[in-house]
Amino acid sequence: MNRLSGRAVVRSSAAARVLLAHSSLLLFVLVLSGHPGQAAVHHRHGASRHPSPTPSSASRAALEAARTREIALRQQQQQEALRLANARQSDAQASAQASQDRVRATRLSAATVTAAGQLQDTEEKMQDLTSRMSDLQEERRLVESELHADAQALAPVLPLAQRLSLYPVDTLLTQPLPADDTIRGLLVLRGLSTTIENRAETLRTHQAQLTQLNSTLAEQQHDLEALESRQTTQKDALTRQADAARAAQLRSNAAAREAASRSAEEARRNRELQAELAHIVATESAALAQLQREAEQAERERRKREAAAAAARVRSMSTPAASLSPVHSSGRQSSNAIVAGRLLSGWGERTEAGPASGNTYATAAGASVRSPCSGSVEFASPFRSYGQMLILNCGRGYRFVLGGLGSLNVATGQSLARGAAVGAMPASGSPTLLVQLRRGTKPVDPSTSL
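Residues numbered from 1 in each chain as written. Predicted model: local features only at pLDDT ≥ 70, side-chain atom pairs only at ≥ 80, totals over all residues. Heavy atoms only, no water.

Some remarks on the pairing of strand S11 (residues 421-424)
Counted only if it meets this: Strands are treated as partners if at least two bridges between them are detected by DSSP. Counting from the N terminus, the helices are DSSP H or I runs at least four residues long and the strands are E runs at least two residues long.
With three bridges connecting them, strand S5 (residues 368-370) and S11 associate as antiparallel partners. Bridge pairing links arginine 370 to alanine 421 in S11. Bridge analysis of strand S9 (residues 407-408) against S11 gives two bridges, and the strand direction is antiparallel. Looking at S11, one finds that serine 407 is bridged to alanine 424.

Topic: the side chain of serine 368
Put simply, the rule reads: In what follows, a contact means two residues having at least one pair of non-hydrogen atoms within 4.5 Å.
With respect to the secondary-structure elements, serine 368 resides in strand S5. If sequence neighbours within four positions are ignored, serine 368 has contacts with Leu119, Gln120, Glu123, Ile338, Val339, Gly423 and Ala424.

A few points about the environment of tyrosine 398
By the secondary structure assignment, tyrosine 398 is in strand S8 (residues 398-405). Considered as a pair, tyrosine 398 and arginine 439 are 41 residues apart in the sequence and their alpha carbons are 4.5 Å apart.

Here we look at the packing of aromatic side chains
The condition that has to hold: Paired rings are identified among Phe, Tyr and Trp, the last through its six-membered ring, by centres lying within 6.5 Å, and are further divided according to the angle between planes into stacked (under 30 degrees), edge-to-face (over 60) and tilted (the rest). Exposure categories follow from relative accessible area, calculated using a 1.4 Å probe and restricted to protein chains: below 20% of the type maximum is buried, above 50% is exposed, and the middle band is partly exposed.
Tallied over the full model, the rule gives two aromatic pairs. Taken together, a centroid distance of 6.4 Å and an interplanar angle of 90° make the contact between phenylalanine 379 and phenylalanine 383 edge-to-face. Given a relative accessible area of 29%, phenylalanine 383 falls into the partly exposed group. Site record: aromatic cluster; members linked through ring pairs are Phe379, Phe383 and Tyr386.

Some points on the state of the cysteines
Heads up, the condition is: Our working definition of a disulfide is a cysteine sulfur pair at a distance within 2.5 Å.
A full pass over the atoms with the stated rule returns one disulfide. Here cysteine 373 pairs with cysteine 394 through a disulfide, and the sulfurs are 1.9 Å apart. Its S-S torsion of about -70° marks the bond between cysteine 373 and cysteine 394 as left-handed, since a negative value means left-handed. Placement of the pair is cysteine 373 in the loop between S5 and strand S6 (375-382) and cysteine 394 in strand S7 (residues 388-395), with a sequence separation of 21 residues. On the basis of relative accessible area, cysteine 373 is assigned to the buried category, the value being 5%. The exposure class assigned to cysteine 394 is buried, which follows from its relative accessible area of 16%.

Let's talk about the sheet that holds S9
Spatially, three strands are ordered S5-S11-S9 in an open sheet, and the strand pairing comes out antiparallel. Looking along the sheet, the strands with just one partner apiece sit at the ends: S5 and S9.

Digging into the nonpolar core
Soluble globular proteins: nonpolar side chains tend toward being buried together. This is how the line gets drawn: Residues belong to one nonpolar core when they are buried, are Ala, Val, Leu, Ile, Met, Phe, Trp, Tyr or Cys, and are joined through side-chain atoms within 4.5 Å.
Core analysis: the largest hydrophobic core is formed by 21 residues, its most contacted members being Val369, Leu390, Leu402 and Leu433. Elements supplying a minimum of two residues to this core: S7, S8 and strand S12 (432-439). Considering every element that reaches this core, the biggest residue donor is S8, with four residues. The next biggest cluster of nonpolar side chains, apart from the first, holds 12 residues, and it includes Met126, Met133, Leu136 and Leu217.

With respect to the environment of glutamate 378
What counts is decided by this rule: For this analysis, a polar contact is any N or O atom pair within 3.5 Å, provided that within protein one partner can donate a hydrogen and the other can accept it, and provided that sequence-adjacent residues contribute only side-chain to side-chain pairs.
Looking at the element boundaries, glutamate 378 is found in strand S6. When the C-alpha atoms of glutamate 378 and leucine 390 are compared, they prove to be 7.7 Å apart, with 12 residues separating the residues in sequence. Leaving out residues up to four positions away in the same chain, glutamate 378 has contacts with Ile391, Asn393, Arg399 and Thr412. A polar side-chain atom of glutamate 378 sits 2.7 Å from a polar atom in the side chain of arginine 399.

As for the pattern of salt bridges
For the record, the criterion: A side-chain nitrogen of Lys or Arg and a carboxyl oxygen of Asp or Glu constitute a salt bridge if their distance falls within 4 Å.
A full pass over the atoms with the stated rule returns six salt bridges. Arginine 132 is paired through a salt bridge with aspartate 128; the nearest N and O atoms lie 2.3 Å apart. Here the residue arginine 132 and the residue aspartate 128 both occupy positions in helix H3 (residues 57-154), the gap between them amounting to four residues, near one helical turn. Residue aspartate 128 is classed as partly exposed on the basis of its relative accessible area of 42%.

Comments concerning unusual backbone geometry
Backbone geometry at arginine 384 places phi at a positive 50°, although glycine is not the residue there. Positionally, arginine 384 belongs in the loop between S6 and S7. For arginine 384, a relative accessible area of 75% corresponds to the exposed category. Its identity is not glycine, yet arginine 396 carries a phi of approximately 55°, on the positive side. Along the chain, arginine 396 falls in the loop between S7 and S8.

Digging into the confidence of the model for the protein
Interpretation of this model should avoid reading the predicted coordinates in detail wherever pLDDT is low. The condition that has to hold: Confidence per residue, as judged by the predictor, is encoded in pLDDT with a range of 0 to 100.
Within the protein, residue pLDDT values average 75, and 72% of them lie at 70 or more. The low-confidence segment residues 1-53 (pLDDT under 50) makes 87 contacts with residues lying over four places distant or belonging to another chain. Predicted confidence for residues 318-335 stays below pLDDT 50, and this span has 25 contacts to residues more than four positions away or in other chains.

Laid out in C-alpha cells, this is it:
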C-alpha cells in the first residue's frame, strides 16, 4: 500500500475515533441528564417531588458493551497503525529494490549488445570459412578423379614402357621384321613415349595441385578450429551476461508481485477495519436511539417545561448518524542483423498460404538471436508448433514476433536494448527463424525503419 493509501487509512481512523468519542460523550450526557444538572432544575422549580425514571438495564448493558468494544477497537487501531507503518516501510524497500533490479536488468541487457555482435561476427566468419572449405573439398575431389582417370589410362602401357626402358633392343628384335616395319615400330614407340611423358606431366601437375589443396584445407581447418574455440568462449560469456539480466528481471518481477500482494492484503485489512468501525458506530447509534426513546418517555412524564428543555439539550448535543459518510482509502493506482543466416522468403512473397506476412531465415544450428529493436518483452514462452516465441513491444504500436527459437534467455517484462541477446536457435537440424513485424493487428514489412 502506498503512502497516499496509508494517509487515507490514518485519516479515516482518526475520524472514526473522533466520531466514537463524540457519540460516547453524547450518550454519557443523555444518560446522566437530570443528574446533577437536571436535579438542580428540579430543585429550582419544585420538581424534586417527581423523580424521573432511569434508562432500562438492557439499554445500559448495550451501551456498556459498545463502549467495551470501542476500547478494544481503539487498541486494535493502534496495532493496525503500527503494522501499516511497518508494511509501508517494507513496501518502500521492496519498491526501491524492484526499481534497482529493473535498472540493473536493463543495464545488463544493454551490455550483451557488444558480446552478441562479436558472437554473430564469429558465426558469419565460420559460415564463410565452412563454405570455402566445402568448395576446396569439391575441387580436391575433382582433381583426385582426374588423377585416377590418368592413372587408369596409363595402366595398359606401363608394362611395355618399363620393358622398353630396361631392354629396348631385345624388345624390338624379339622377332625378325622387315626394315620398314621396324622403322614404323620405332616411330610408334617414339609417339607412345611422348604420350606417356605428357600424361606423366599431367599427373605431376595434378599431384602438385592436390598437395596444395590439402595444405590449404589443413590451414583453413586450423582457422576453423580457432573460430570454433572463440565461438564457444563468446557464447559462454554471452550466456552468463544474458542469464544475469534475466535473473535480475525475474527478481524485479517477484518483488513487484510481493509488493502487490502486500498492498492487496493491506487493502483487505483496511476494508475489514472500516466495516468494524461502521458496525461499532451503528451499535452505538442504536443504543443512543434507545436511550433517546427512554428519555423521551421520561420527558412526557415530567412537566412540560422540563421536557421541552431536555429535548432542546438533546437536539443541541446530538449529531445525526446519517450525516456521516464513510471514508474510503485511495490507492495509487538496427542496423544490426537479428541472426546470421540467409533469407528463405521475404515479406509479401507468394507462398502456398498466400503472401508471406514476414521474413523467414535459414540459420546454422545454435545460432544466436538478437533483439531487432529497443523495447520490453511482452511474451517469452513456447507457442504451438513455433518452438520458443518472443514478442517484443517496440513502442508506437509496433511489435516484433520472433518464432522458431530453441531457447530464450529473457523474461516477460524485461527491458531490452536493440541488438541485445534474446536466445538461440535449436542446436540440431536445419532451423528457420520467422521474423514478423506488426503495427497494431496488421503485419507490415519487417524492413520498416523504427
